[in-house]
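So the chains spell out like this:
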Amino acid sequence: MIDDDIARHLELARRSGELAAIDGYGRPLPEAAGWNETPETLRMPFKVLKDAGVVPREVELMRERARLREALAAASTALQRAVLQQRLADLEQSIALRLEALRRSAAL
């Protein structure tokens, strides 16, 4: 029932020329950034997460790494720098392990 209604509206829009007026009509949709670089086995899960507004854990880790690097650059004491450097090293190890696990599971 709904499919028939959608088909009817699309046909009316096609006949009236409304569809042809849309930029990109008749051409494939552009691929999302990083689509080809993402292993085929991970594309659909990542797309589902993205469409649901969920950020993959690896992206969150990369953002945290950027924040730590900024904090490290702004650190005013040797003690602050040492603490931040250790946190950054631990985080980078965690990122490396997660990415290696992804590579192995998805044959990157």
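Quantities reported herein were computed from a predicted structural model and do not represent experimental measurements.

K.L.:
Summarise the overall build of the protein chain; cite the residues concerned and give the values.
P.N.:
Along the backbone of the protein chain there are four helices and zero strands. When the helices and strands of the protein chain are listed from N to C terminus, the series reads α-α-α-α. In terms of overall size, the protein chain is more extended than a compact globule, its C-alpha atoms giving a radius of gyration of 23 Å where 108 residues would be expected to give roughly 13 Å. The buried share of the protein chain, taken over its 108 residues, is 17%. By sequence separation, contacts in the protein chain at least 24 residues apart represent 40% of the contacts at least 6 residues apart. Carbon together with sulfur atoms contributes 57% to the accessible area of the protein chain, which is approximately 8800 Å² in total.

K.L.:
Explain a nonpolar patch on the surface to me, using residue names and the numbers behind them.
P.N.:
Together, Met 1, Ile 2, Ile 6 and Leu 10 make up a nonpolar patch on the protein surface, roughly 490 Å² of accessible area in all. With respect to the helices and strands, the residue Ile 6 is situated in helix H1 (residues 2–16).

K.L.:
If you had to explain the nonpolar core to someone new, which residues and values would you point to?
P.N.:
Ranked by size, the top nonpolar core spans eight residues in total: Leu 61, Leu 68, Leu 72, Ala 75, Leu 84, Leu 88, Leu 91 and Ile 95. If you list the elements that add at least two residues to this core, you get helix H3 (57–74) and helix H4 (78–106). Excluding residues within four positions of it along the chain, Leu 91 makes contact with Leu 61, Glu 64, Arg 65 and Leu 68.

K.L.:
With reference to specific residues and values, describe the pattern of salt bridges.
P.N.:
With the rule as written, the count across this model stands at 11 salt bridges. A salt bridge links Asp 23 to Arg 27; the nearest nitrogen and oxygen atoms lie 3.8 Å apart. Grouping residues by exposure puts Asp 23 and Arg 27 together as exposed. Linking Glu 92 and Arg 69 is a salt bridge whose minimum nitrogen-to-oxygen distance equals 2.9 Å. Linking Glu 92 in helix H4 with Arg 69 in helix H3, this pair joins segments that are 23 residues apart in sequence. When salt bridges with common partners are traced through the structure, they connect Glu 11, Arg 14 and Arg 15 into a single cluster.

Each value, and the rule that gives it
Residues numbered from 1 in each chain as written. Predicted model: local features only at pLDDT ≥ 70, side-chain atom pairs only at ≥ 80, totals over all residues. Heavy atoms only, no water. Helix = DSSP H or I, 4+ residues; strand = E, 2+ residues; numbered from the N terminus. Rg over C-alpha atoms; globule rule 2.2 N^0.38 Å. Buried < 20%, exposed > 50% of the residue type's maximum accessible area, 1.4 Å probe, protein only. Contact = heavy atoms within 4.5 Å. Areas by Shrake-Rupley, 256 points an atom, 1.4 Å probe, with all protein chains shown as cover. Patch = residues over 30% accessible without salt bridge, like charges linked within 9 Å, V, L, I, M, F, W, Y side chains within 5 Å. Salt bridge = Lys/Arg side-chain N within 4 Å of Asp/Glu carboxyl O. Core = buried A, V, L, I, M, F, W, Y, C linked by side-chain atoms within 4.5 Å.

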